[in-house]
Amino acid sequence: MPDFECRLKRYRQTKGLTQEQLARLVGVRRETIMRLEKAQYNPSLKLAIDISRVVEAPIEEIFIFDSCEQ
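Summary of the structure given here. (Residues numbered from 1 in each chain as written. Predicted model: local features only at pLDDT ≥ 70, side-chain atom pairs only at ≥ 80, totals over all residues. Heavy atoms only, no water.)

Here we look at the nonpolar core
- With 17 residues, the main nonpolar core has Leu8, Ile33, Leu36, Ile51, Val55, Ile62 and Phe63 as its most contacted residues.
- Where this core is concerned, the elements lending two or more residues are strand E1 (3–6), helix H1 (8–14), helix H2 (19–26), helix H3 (30–37) and helix H4 (45–55).
- For this core, the element with the most residues is H4, which contributes 4 residues.
- If sequence neighbours within four positions are ignored, Phe63 has contacts with Phe4, Glu5, Cys6, Leu36, Pro43, Ala48 and Ile51. (Core = buried A, V, L, I, M, F, W, Y, C linked by side-chain atoms within 4.5 Å. Buried < 20%, exposed > 50% of the residue type's maximum accessible area, 1.4 Å probe, protein only. Helix = DSSP H or I, 4+ residues; strand = E, 2+ residues; numbered from the N terminus. Contact = heavy atoms within 4.5 Å.)

Notes on H2
- Among all positions of H2, only Gln19, Leu22, Ala23 and Val26 are buried. Down the axis, H2 shows its buried residues gathered within 100 degrees of arc, on one side only. Facing away from the buried side of H2, by more than 90 degrees, are the exposed residues Arg24 and Leu25.
- In this fold, the buried residues of H2 make contact with H1, H3 and H4. (Arc of directions from axis to C-beta.)

Describing the packing of aromatic side chains
- Under the criterion given, the structure shown has 2 aromatic pairs.
- Through pairs of rings, three or more aromatic residues link up here, namely Phe4, Phe63 and Phe65. (Phe/Tyr/Trp six-rings, centres within 6.5 Å; stacked < 30°, edge-to-face > 60°.)

So, the environment of Pro43
- Residue position: Pro43 is located in the loop between H3 and H4.
- Sequence-wise, Pro43 and Phe63 are 20 residues apart; in three dimensions their C-alpha atoms are separated by 8.7 Å.
- Beyond its immediate chain neighbours, meaning those up to four positions away, Pro43 contacts Phe4, Leu36, Ala48, Phe63 and Phe65.

What to know about the packing of H2 against H3
- The N-to-C vectors of H2 and H3 enclose an angle of 110 degrees; their axes lie 8 Å apart at closest approach. The angle between the axes of H2 and H3 places the two elements in the roughly perpendicular class. H3 is crossed by H2, and the crossing has right-handed handedness. Together, Gln19, Glu20, Leu22, Ala23 and Val26 of H2 and Arg30, Ile33, Met34 and Glu37 of H3 make up the contact between the two elements.
- Looking at the contact of H2 with H3, its residues break down into 5 nonpolar, 1 polar and 3 charged. (Axes fitted to C-alpha atoms, helices over the stretch in contact; angles between N-to-C directions. Parallel < 35°, antiparallel > 145°, perpendicular 65-115°, else oblique. Left-handed = near helix turned anticlockwise from the far one by under 90°. Nonpolar A, V, L, I, M, F, W, Y, C, P; charged D, E, K, R; others polar.)

Written as structure tokens, this is what we have:
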């Protein structure tokens, strides 16, 4: 199973946004942002794109999916 790392909190804080503000800007609940930041939730492609646009960072720098080779 691939490992998931989320660096969203760092980028969100750099932009001076609260979880609530980011959630409102991308159309999700604050709980979704909280779960993303704890790497408990994998975002849809649309959500990942929306977040990357708001925090002005590439998707692949925010959401890291490291698949294990078998």
